[in-house]
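Now for the letters of each chain:
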Protein chains: 2
Amino acid sequence: MEIYGKNFVSWEEARRIVEGLAAGLFRSGRRQTVPVTEAAGQIIDGAVTARMAVPGFVRATVDGYAVRVGDTVAASDSCPAVLRVAGQVAVGEDCQLTLAPGQAAKVATGAMLPAGADGVAMEEDCWLVDVHNVALVRPVNLRENLIQAGEDCREGEALAADGCRLGWRTVAAMIAAGIGEIAVRTGMRAAIFSTGDELVPAGRPLFAGQVYDVNGFLLRRFLTEAGWEVESLGIIADCPHSLAGALERAVALADLVLFSGGSSVGSCDLSAAAVERAGGEWLFNGVAVRPGRPTMAARINGKPVFCLPGHPLAMAVTLRTLLQPLFRRDEPLTVPAKLDGRLTSEVGRDDFVPVRLTAEQMEVDWRATPLPIKSGLVVRPAQTAGLVHVPAAATGYERGERVWVIPW
Amino acid sequence: MEIYGKNFVSWEEARRIVEGLAAGLFRSGRRQTVPVTEAAGQIIDGAVTARMAVPGFVRATVDGYAVRVGDTVAASDSCPAVLRVAGQVAVGEDCQLTLAPGQAAKVATGAMLPAGADGVAMEEDCWLVDVHNVALVRPVNLRENLIQAGEDCREGEALAADGCRLGWRTVAAMIAAGIGEIAVRTGMRAAIFSTGDELVPAGRPLFAGQVYDVNGFLLRRFLTEAGWEVESLGIIADCPHSLAGALERAVALADLVLFSGGSSVGSCDLSAAAVERAGGEWLFNGVAVRPGRPTMAARINGKPVFCLPGHPLAMAVTLRTLLQPLFRRDEPLTVPAKLDGRLTSEVGRDDFVPVRLTAEQMEVDWRATPLPIKSGLVVRPAQTAGLVHVPAAATGYERGERVWVIPW
């Protein structure tokens, strides 16, 4: 069922287009090798697998005595198993010992086990008979108190997929698995600007009828957080000549262009005309989504150019949802919640509704209260926790239904 | 009920101590004024309130005609209300018009409304009779399609509390509310090192019995992410002399010292002895928590010094939970989930259990599967989504119970 006009696309279709553009942009980045300890937050170039098993050797997980468990089966308080102490292994030491039957070795937590040992008795369950002999008061189970070689990770095991943004936990795993350096994609450049005769840069004097430019900050923040190098052209007047100049400079400077269009029909028309005059081919012009309907995407000289909604809330929602593939940041966990209100939506249109989350003490569920959406709000939406997505096929959600909240 | 020994404290008590230390450390930071657009991620010095109402004037939220709603009460298709167009207001313009009865003014989305106007008719509901007159085919409700001055935020309204870390949404709200510059605390310095004869820096050749230093990375990452300047002393051998030297240098270099101790009793004793010989006064020595029991905190020359667990998982859990106040990062939303497994814990001890989260399609709840905890694991825990906290008073949770997951 095609309910959309020419260049006006469903949210899902727009998102697919953005994913394709993002993949191309990251491939065009500069490949660079960096120490893995500096790689958190970067986009990796090529899948990464473990260079070694973790741990690389059998390790004790407690302080105690490494034993052959067969020697301990009958041990008890009244009849301890007495084993000869063949030596001791310090942490970090390459243990050359082999336990013969009837022998034990003193080991520290994290130390390598002697060959032949298949369990560790906790220090609390042992006492020294004399300098050479230790008594165990209970049996040791097979593989008790040790971690086997490769138990945490096998050599060659996948650690991260190509093109993903590295989180700190994955870096920790890579360090443990012997990765020293890693190839990443860097140097992707984006150019941004805000359009609108009403806009004034943050903190400057404001005259009646004017508002501060929030979009310039949002664009820069989302991009730099995601590792983009950002060139900002500032605020551009709603005039065909200025817009054409800004677009030309932006396309020349960067691999990707993002700008905020106006919110009125007139200023949207101005933006669209500027894109067309610059030779832009539409990827889409308008998206069946609320908020964010006037979002446009085109290619100029082969480079992706996005014209984004002028309302800061619509801009933030578009950056957080539709344009997410451009940022490839670690997607925060979606949060289930019980809807404290009713959401209605049109079939064929995706909605993203800001919600506050609250929970009484002892409750094990969030209550999601939708914010009454009104174009032009900035401060109230900043106090919400995230967005509820009403997909195109749904007509909304009833009060009390469980929904998923996308954290901001 | 006091069930803890000297210097061995409950998790809650340890956390309270850390909160006190963190507050003192941030107060000792350098006060600096920065443009608000550069302030995201910083810790603000002093509460921030709105410098102006948002919006600062009555704004149209659609393209259309500003009217006096009393003139439109009887409008219908068959009998439209015809109003004289007194002018038009562009976006960003300081509107000097006053609407007299029977007048309307053309307005763009975001434009300032003329005095006297108390509603806006959407363009779709209007048609031009001639150059001077517009016909409305339905009544306009009071305050329809406009946003009132101060509706988003009142002048003087609280935007952020003293000492909090600024998120991007709060910065957006501050820009809108007229904040240009903001005082932040910067320049807090931390010194870190990892102790252990078994440790090798990431990527270097590894000999049998050795493991890579993951803790050094974790310490640096958590601190730098939170804006700390970090001085790393690298890996220090398990010997009293080296430890004493490292502690002395670290305390001289920084306002806060964090180091990873060993995981064996022997190396914990070494760390504790080094702290005491350096004149350290214990704040706590051991915490009733799993993992993280050997965590210690002291003051040396008045500076907080933390000796943290040697196991990377215990280190990560301690950084993410107990030491959270030192980082003051935006706390991610806790995520409710249904427990897919059983968690048992001792009364009097807080447990933090890593869990994987999975959800079948169409399900509106996460299933949380606990990771079997084994000391020494690094890679498997890196693949979990977060931690379930079993507080000291609880004995655990049953399969199917709903729990809160703290995202990593």
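Just so we're clear, the structure is a prediction, and the values are computed from it rather than from any experiment.

Peer 1: Teacher, can you tell me more about the pairing of strand β8 (residues 103-107) of chain B here?
Peer 2: Moving residue by residue along a regular strand, the side chains alternate between the two faces of the sheet. Residues and elements named next belong to chain B. When you tally the buried positions in β8, you get five out of five residues, the bulk of the element. Alternating residues of β8 divide into Gln103, Ala105 and Val107 and Ala104 and Lys106, and every residue in both groups is buried. Bridging between strand β7 (residues 81-89) and β8 involves five bridges; their strand directions are parallel. Note on β8: the bridge partner recorded for glutamine 88 is lysine 106.

Peer 1: I would appreciate a short explanation of the domain arrangement of chain A in the present structure.
Peer 2: Each assigned domain of chain A is listed with its residue range as follows: domain 1 (9-19 + 187-327), domain 2 (32-36 + 43-54 + 153-185), domain 3 (59-147) and domain 4 (335-407). Relative placement of domain 2 of chain A and domain 4 of chain A: their C-alpha centres are 37 Å apart.

Peer 1: Just checking my understanding: could you explain the sheet that holds strand β22 (residues 296-300) of chain B for this structure?
Peer 2: By way of backbone hydrogen bonds, the strands of a sheet pair with one another, either parallel or antiparallel. Residues and elements named next belong to chain B. Pairing is mixed across the open sheet formed by six strands, whose spatial order is β18-β15-β19-β23-β22-β20. One side of each edge strand has no neighbouring strand; the edge strands of this open sheet are β18 (229-236) and β20 (281-285). Taken over all neighbouring pairs, the strand axes of this sheet differ in orientation by 15° on average, direction set aside. Direction of pairing for β20 relative to β22: antiparallel, over a ladder of four bridges. Residue pairing across strands places phenylalanine 284 opposite alanine 297, the latter belonging to β22. Sitting on the sheet, helix α4 (residues 240-253) touches β15 (189-195), β18, β19 (256-260), β22 and β23 (303-308), and the angle it makes with β18 is about 175°.

Peer 1: In this structure, what is going on with the interface of chain A and chain B? I would like to understand it.
Peer 2: Counting residues at the interface gives 80 residues for chain A and 80 residues for chain B. For the side of chain A that touches chain B, the secondary structure elements donating two or more residues are α2 (168-176), β17 (211-212), α3 (215-225), α5 (265-277), β24 (335-339), α8 (379-382) and β30 (402-407) of chain A. At eight residues, the largest contribution of residues to the side of chain A that touches chain B is made by α2 of chain A. Here the residues of the side of chain A that touches chain B are counted per class, giving 47 nonpolar, 19 polar and 14 charged.

Peer 1: Could you clarify how one ought to interpret unusual backbone geometry in this entry?
Peer 2: Outside of glycine, negative phi angles account for most residues, and trans bonds account for most peptide bonds. All names here are of chain A. The step from valine 54 to proline 55 runs through a cis peptide bond, and the omega angle for that step is -10°. Secondary-structure assignment places proline 55 in the loop between β4 (48-49) and β5 (59-60). We note that arginine 143 has phi near 65°; this positive angle belongs to a residue other than glycine. Structurally, arginine 143 can be placed in the loop between β11 (133-136) and β12 (146-147). Looking at arginine 143, the number of C-beta atoms within 10 Å reads 14, which means it is partly exposed.

Peer 1: Help me understand α4 of chain B in this model?
Peer 2: A turn of α-helix holds 3.6 residues, and therefore any two residues three or four places apart point the same way. Residues and elements named next belong to chain B. Taking 1.5 Å per residue, 14 residues should reach 20 Å; α4 reaches 20 Å between its end C-alpha atoms and fits that length. Every buried residue of α4 is listed here: Leu243, Ala246, Leu247, Ala250 and Val251. In a view along the axis of α4, the buried residues occupy a sector of 125°, so they form one face of it. The exposed residues of α4 that point more than 90 degrees off its buried face are His241 and Ala252. Taken together, the buried residues of α4 touch β15, β18, β19, α5 (265-277), β22 and β23.

Peer 1: I keep staring at the environment of isoleucine 17 of chain B and nothing clicks. Help me out?
Peer 2: All names here are of chain B. Among the secondary structure elements, isoleucine 17 is positioned in helix α1 (residues 11-27). For the pair isoleucine 17 and phenylalanine 284, spaced 267 residues apart in sequence, the C-alpha to C-alpha distance is 8.7 Å. Sequence-distant contacts of isoleucine 17, defined by excluding residues within four places in its chain, comprise Leu283, Phe284 and Ala297.

Peer 1: Explanation requested: the confidence of the model for chain A in the structure shown.
Peer 2: Close inspection of predicted coordinates is inappropriate in any region flagged by low pLDDT. Per-chain confidence: chain A averages 94 in pLDDT, with 99% of residues scoring 70 or above. On the interface metric, ipTM, the complex scores 0.93, and its pTM is 0.93.

Peer 1: Could you clarify how one ought to interpret the nonpolar core in this entry?
Peer 2: Most often, soluble globular proteins have nonpolar side chains that are buried together. Grouped together as the largest cluster of nonpolar side chains are 210 residues, with contacts concentrated most on Ala172 and Ile175 of chain A together with Ala172 and Ile175 of chain B. Apart from the residues within four sequence positions on either side, alanine 172 of chain A is in contact with Val214, Phe217, Leu218, Pro312, Val378 and Ala382 of chain B.

Peer 1: Just to check I follow, could you spell out the packing of α3 of chain A against helix α6 (residues 312-320) of chain A for this structure?
Peer 2: Helix-helix packing is characterised by the crossing angle of the two axes and by the distance between the axes. All names here are of chain A. The geometry of α3 relative to α6 is characterised by a closest axis approach of 10 Å and an angle of 15° between their N-to-C directions. Judged by the inter-axis angle, α3 sits roughly parallel to α6. Regarding α3 and α6, the two cross each other, and that crossing is right-handed. For the pair α3 and α6, the contacting residues are Asn215, Leu218 and Phe222 in the first and Pro312, Met315, Ala316 and Leu319 in the second. Looking at the contact of α3 with α6 residue by residue, the class counts come to six nonpolar, one polar and no charged.

Analysis parameters
- Residues numbered from 1 in each chain as written.
- Chains lettered and ligands numbered in written order.
- Predicted model: local features only at pLDDT ≥ 70, side-chain atom pairs only at ≥ 80, totals over all residues.
- Buried ≥ 20, exposed ≤ 12 C-beta atoms within 10 Å, placed from the backbone.
- Helix = DSSP H or I, 4+ residues; strand = E, 2+ residues; numbered from the N terminus.
- Pairing = 2+ DSSP bridges.
- Domains from an automatic or database assignment.
- Axes fitted to C-alpha atoms, helices over the stretch in contact; angles between N-to-C directions.
- Contact = placed C-beta atoms within 7 Å.
- Nonpolar A, V, L, I, M, F, W, Y, C, P; charged D, E, K, R; others polar.
- Expected span 1.5 Å × (residues − 1).
- Arc of directions from axis to C-beta.
- pLDDT = per-residue confidence, 0-100.
- Core = buried A, V, L, I, M, F, W, Y, C linked by C-beta atoms within 7 Å.
- Parallel < 35°, antiparallel > 145°, perpendicular 65-115°, else oblique.
- Left-handed = near helix turned anticlockwise from the far one by under 90°.

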